[in-house]
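# Chains, contacts and geometry: an overview
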Amino acid sequence: MADPTDAELWRSVDTTVGDVLLPAIPDDQPWARAVAVQLIGLARYAARRPGDRTTDRVDELLSVLDALAANEIIAAAWNGERSVAAVMVATGRALAEAVTRTDDPGAEVRRVLRPVVVRHLDDELGVTSSLVNAFRGRLDD
Amino acid sequence: MTEAMREALQGWLQEQRGDSATIVDLWRIATGNSRANWYVELSDGSRYVIRVEQDRVFGTSTSEEFRFMVAAGALGCPVAPVRWMDTTAAVLGQPFLVMDFLDGASTGRDDRSLPADLADDFVRRLDELHRTDWTAQLSADVDAAAATHLQIERWYGVYRAEVEAGDGVAIPLLEEGAAWLHHHAPSLDRIAIVHGDPGPGNFVHDGHRVIAFTDWEFSHLGDPTEDWAYLVTMRGAQTMSPEEWRSLFQRVAGVHLGDDDLHYWSVFNFFKGACANLTCRRVFATTNPAPNMAIIGTALHQTYVRQVAALIGG
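Notes on the structure in this doc start here.

### Re the overall build of chain A
When its secondary structure is counted, chain A shows six helices and zero strands. Considered along the principal axes of its C-alpha atoms, chain A spans approximately 65 × 40 × 20 Å. Across the 141 residues in chain A, those meeting the buried criterion constitute 30%. Restricting to contacts in chain A with at least 6 residues of sequence separation, those with at least 24 account for 60%.

And the structure:
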């Protein structure tokens, strides 16, 4: 028999806290009850979150930066370095500059680069949003 | 934890008070993420709330909170009397302040309801805080023209410090948010005391009237529109509709919150929240592996970043 998977271990935390420990915490211990619900939410998040998608996202941003290399905002913001940190700095600089500009380069950054960044965030929120409910004391089924 | 805390706190309180009263009751109050709030009752019947920092969560400090609470009290604003603070972290491992426990009600951590007469009084008292002449109680080396920009830089600095202490990877939408806020900052005529986190859950009341504003850790000098917008789009968003809030501000306080101001300060408040929440990610990874720290530092942080992005441009 193989060792338990991470998913099985997290399910054990979820079930044990929810079915055994939480009912045993009296109502006059609201902080402990709140933390127990949050811990269940955290366990469920840990069990179902996908792997780190940073590399794919940075590759996609690099493609956009390459495609916009002639844009003067991108040219000023990005020195061509392809590390994660450099790409995110360049992307941030470009968005920050574009937000103050009404010309074509600014519009192009907002139209082409920005939606990619926002979509990456939306993808991340698709995974983490259930944690907000747990924070507020509610658990998704 | 509680027994060790009881012993350390008891000795410290005896020193501050100059007596030998002992702690007869000590328990954590189930509210607050930036501070661990503890109810303390002494053998002579004195009752206090101890607000313990959590590794500079949200980029706020006990000393600033103490300073503003003392000033607000001296200016006649509703605030619990603050007694003492320890900024050395030698007693409880974290800075903390001690304030009087006040009898009264406070809504639960997720209850945002507000009866009509209490809402009126709350808005009236918040407006009084904004209008009070603070110059006799607080020193400030900022003028009105720079006040909002300073606040943007304050929160931008909190975000940057977390990035630099962590993986060093910038968050492009926060870079954009800071630039947008600087570019669109409205003019300000007069600097006011801004509570920074007002609304249901952050004041004690008797059912009809405000007894004390609580949770002063975000208080600062700046544009009070920040507070009004915060009520509409954040802490009070579930209490009533934006139009009901704005009508209430106008009727009770004569405050007109226009569309442009509401939009600008909503961006500011979500930006501020996104930067502040990021601190919890570090704290979770280092000194406090509590679930709320993980959730605030990830999901809530991301939610606020998304709000900034949506308000700026989709």
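### Some details on the overall build of chain B
Regarding its fold elements, chain B presents nine helices and nine strands. Here chain B has a C-alpha radius of gyration of 19 Å; the compact-globule value for 314 residues is 20 Å, and the two agree. Taken along its principal axes, the extent of the C-alpha atoms in chain B is 60 × 50 × 35 Å. Looking at chain B residue by residue over its 314 residues, the buried ones come to 47%. If you take every contact in chain B between residues at least 6 apart in sequence, the share linking residues at least 24 apart comes to 69%.

### Observations regarding the interface of chain B and chain A
Facing the 30 residues of chain B at the interface are 33 residues of chain A. Partitioned by chemical class, the residues of the side of chain B that touches chain A number 18 nonpolar, seven polar and five charged.

### Things to note about unusual backbone geometry
All names here are of chain B. Phi is positive for Arg 56, which is not a glycine, with a value near 55 degrees. The residue Arg 56 is located in the loop between strand S3 (47-53) and helix H2 (62-74) in this model. In this structure, Phe 58 is a non-glycine residue whose phi angle is positive, near 70 degrees. Topologically, Phe 58 is positioned in the loop between S3 and H2.

### Structural notes on the sheet that holds S3(B)
All names here are of chain B. Strand order in the open sheet formed by five strands is S1-S2-S3-S5-S4, with antiparallel pairing between adjacent strands. The open sheet terminates on both sides in strands that have one partner only, identified here as strand S1 (23-28) and strand S4 (82-86). Along the sheet, successive strands turn relative to each other by an average axial angle of 20 degrees, direction set aside. Summarising the sheet, S4 and strand S5 (residues 96-100) pair through four bridges and their orientation is antiparallel. Residue pairing for S5: Met 85 is matched across the bridge by Leu 97. Against the sheet, H2 makes contact with S3, S4 and S5, and its axis sits at roughly 160 degrees relative to S4, the strand it touches most.

### Some thoughts on the nonpolar core
Membership of the largest hydrophobic core comes to 119 residues, with the highest contact counts inside it found for Cys275(B) and Val308(B). In terms of residues, this core owes the most to one element, helix H8 (residues 259-285) of chain B, which gives 13 residues.

### Considerations on H2(B)
Residue and element names in this part refer to chain B. With 13 residues, H2 extends 18 Å from end C-alpha to end C-alpha; this agrees with the ideal 18 Å at 1.5 Å per step. Considered for burial, the residues of H2 that qualify are Thr 62, Glu 65, Phe 66, Phe 68, Met 69, Ala 71 and Ala 72. Residues of H2 that are buried in the fold lie against S3, S4, S5, helix H3 (116-131) and strand S6 (192-194). With its phi angle positive at about 85 degrees, Gly 76 sits one or two positions after the end of H2.

### So, the packing of helix H3 (residues 54-67) of chain A against helix H6 (residues 104-135) of chain A
All names here are of chain A. The N-to-C vectors of H3 and H6 enclose an angle of 170 degrees; their axes lie 10 Å apart at closest approach. As far as their axial angle goes, H6 and H3 are roughly antiparallel. Packed against H3, whose contacting residues are Arg 57, Glu 60, Leu 61 and Val 64, the element H6 presents Val 112, Leu 113, Val 116 and His 120 at the interface. Taken together, the residues that form the contact of H3 with H6 break down as five nonpolar, one polar and two charged.

### So, the environment of Gln238(B)
Residue and element names in this part refer to chain B. Residue position: Gln 238 is located in the loop between helix H6 (225-235) and helix H7 (242-253). By C-beta crowding, Gln 238 is classed as exposed, having 12 other C-beta atoms within 10 Å. Remark: the alpha-carbon pair of Gln 238 and Ser 113, spanning 125 residues in sequence, is separated by 7.6 Å.

Parameters and conventions
- Counting of residues starts from 1 at the beginning of each chain's written sequence and follows it residue by residue.
- Whichever chain is written first is A, and whichever ligand is written first is 1; the rest continue in order.
- Only residues with pLDDT of at least 70 get local features here, since the model is predicted, and only at 80 or more are side-chain atom pairs given and counted; chain-wide, interface and lining totals rely on the full set of residues.
- For the purposes of this entry, the term helix denotes a DSSP run of H or I that reaches at least four residues, the term strand denotes a run of E that reaches at least two, and both are numbered from the N terminus.
- Our exposure labels follow a C-beta count within 10 Å of each residue's own C-beta, placed from the backbone: buried means 20 or more other C-beta atoms, exposed means 12 or fewer, and partly exposed covers the counts in between.
- Placing a C-beta atom from the backbone of each residue, one calls two residues in contact when those atoms lie within 7 Å.
- Note that the radius of gyration is over C-alpha atoms, with the globule rule given as 2.2 Å times the number of residues to the power 0.38.
- Under the scheme applied here, ten amino acids are nonpolar (Ala, Val, Leu, Ile, Met, Phe, Trp, Tyr, Cys and Pro), four are charged (Asp, Glu, Lys and Arg), and all others, including Gly, are polar.
- Strands pair, by our definition, only if DSSP identifies at least two bridges between them.
- Interaxial angles span 0 to 180 degrees and are taken between N-to-C directions of axes, which are lines fitted to C-alpha atoms, for helices over the stretch in contact.
- Think of a nonpolar core as buried Ala, Val, Leu, Ile, Met, Phe, Trp, Tyr and Cys residues, each tied to the set through C-beta atoms within 7 Å.
- To estimate the expected span of a helix, count its residues, drop one, and scale the result by 1.5 Å.
- Angle categories: roughly parallel below 35 degrees, roughly antiparallel above 145, roughly perpendicular from 65 to 115, and oblique for all the rest.

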